[in-house]
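# Geometric and topological summary
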Amino acid sequence: MMNSYRVGLFTELCARIYLRLHGFHILKKRYVTGRFTDRAEIDIIAKRHNLILFVEVKKRNNIESALDAITHAQIKRLHNAAETYLNQIRWTGNARFDVIVFTPYKMKWIQGAI
């Protein structure tokens, strides 16, 4: 039986495979910024053409509870982390925040979710 940490790792692996199948190149996984301040972790950073995708991966019993699990404070931290990453690489293209949700019976990719 897998614990929640291992389930999370497996879920993120599945999300990365799914993004690869849709033509994305995975740039970073579990990107962490601000370890000693207002820490944020972006589950996946991926790129396709002129688009960088920041992805939050959730596994819940239903899509609504997965989206509810993303708090306003977390969104603010994620946006700050994404901005830091984009500034570090001097990105001038497009960027978007998506959520990939795994439920017991399906997976849903919500583009532009946060």
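Residues numbered from 1 in each chain as written. Predicted model: local features only at pLDDT ≥ 70, side-chain atom pairs only at ≥ 80, totals over all residues. Heavy atoms only, no water.

## Considerations on the packing of aromatic side chains
Inspection of every chain in the model, using the stated rule, returns five aromatic pairs. Arranged with centres 6.1 Å apart and planes meeting at 75 degrees, the rings of Phe24 and Trp109 form a pair that is edge-to-face. With a gap of 85 residues between them, Phe24 in the loop between α1 (4-21) and β1 (25-33) and Trp109 in strand β5 (residues 107-110) connect regions that are remote in the sequence. The class for Phe24 is buried, based on a relative accessible area of 3%. Exposure remark for Trp109: the relative accessible area of 16% places this residue in the buried category. With a centroid separation of 5.2 Å and 75 degrees between ring planes, the pair formed by Tyr31 and Tyr85 is classed as edge-to-face. Placement of the pair is Tyr31 in strand β1 and Tyr85 in helix α3 (residues 72-89), with a sequence separation of 54 residues. Of the two residues examined, Tyr31 and Tyr85, each falls in the buried class. Site record: aromatic cluster; members linked through ring pairs are Tyr31, Phe54, Tyr85 and Phe97. (Phe/Tyr/Trp six-rings, centres within 6.5 Å; stacked < 30°, edge-to-face > 60°. Helix = DSSP H or I, 4+ residues; strand = E, 2+ residues; numbered from the N terminus. Buried < 20%, exposed > 50% of the residue type's maximum accessible area, 1.4 Å probe, protein only.)

## Structural notes on the sheet that holds strand β3 (residues 51-59)
The pairing of strands in a sheet happens through backbone hydrogen bonds and is either parallel or antiparallel. With mixed pairing, the five strands of this open sheet are ordered in space as β1-β2-β3-β4-β5. The sheet is open, and its two borders are formed by β1 and β5, each paired with just one other strand. Ignoring which end each strand starts from, the neighbouring axes of this sheet average 25 degrees apart. When strand β2 (residues 40-48) meets β3, the two strands line up antiparallel, connected through five bridges. Bridged to Arg48 within β3 is Leu51. Along the sheet, α3 contacts β1, β2, β3 and β4 (94-102); its crossing angle with β3, the most-contacted strand, is approximately 150 degrees. (Pairing = 2+ DSSP bridges. Axes fitted to C-alpha atoms, helices over the stretch in contact; angles between N-to-C directions. Contact = heavy atoms within 4.5 Å.)

## Some details on the nonpolar core
Counting 19 residues, the largest nonpolar core has Ile42, Ile45, Phe54 and Phe97 as the members making the most contacts within it. Elements represented by at least two residues in this core include exactly β2, β3, α2 (63-68), α3 and β4. With five residues, α3 is the largest single contributor of residues to this core. Not counting the four nearest positions on each side in its chain, Ile42 is found in contact with Lys29, Arg30, Tyr31, Phe54, Val55, Leu78, Ala81, Ala82 and Phe97. (Core = buried A, V, L, I, M, F, W, Y, C linked by side-chain atoms within 4.5 Å.)

## What to know about a nonpolar patch on the surface
Side chains of Phe10, Leu13, Ile17 and Leu21 sit close together on the surface and give an oily, nonpolar patch of about 410 Å² of accessible area. Summarising the element assignment, Leu13 is placed in helix α1. A residue is classified by how much of its surface remains accessible, and Leu13, at 37% relative accessible area, is partly exposed. (Patch = residues over 30% accessible without salt bridge, like charges linked within 9 Å, V, L, I, M, F, W, Y side chains within 5 Å. Areas by Shrake-Rupley, 256 points an atom, 1.4 Å probe, with all protein chains shown as cover. Salt bridge = Lys/Arg side-chain N within 4 Å of Asp/Glu carboxyl O.)

## Here's the deal with the layout of surface pockets
Any space left empty among the atoms is revealed by the rolling of a water-sized probe across them. As a volume, the largest pocket reaches approximately 190 Å³. Taken together, Gly8, Thr11, Glu12, Arg30, Glu41, Asp43, Glu56, Val57, Lys58, Lys59 and Arg60 make up the lining of the largest pocket. By residue number, the principal contributor to the lining of the largest pocket is β3, which donates four residues. (1 Å grid on protein atoms, 1.4 Å probe; cavity = no way out; pocket = protein on both sides within 12 Å on 5 of 7 lines; lining within 4 Å. Points joined across faces, edges and corners; volume = space filled by probe spheres on them.)

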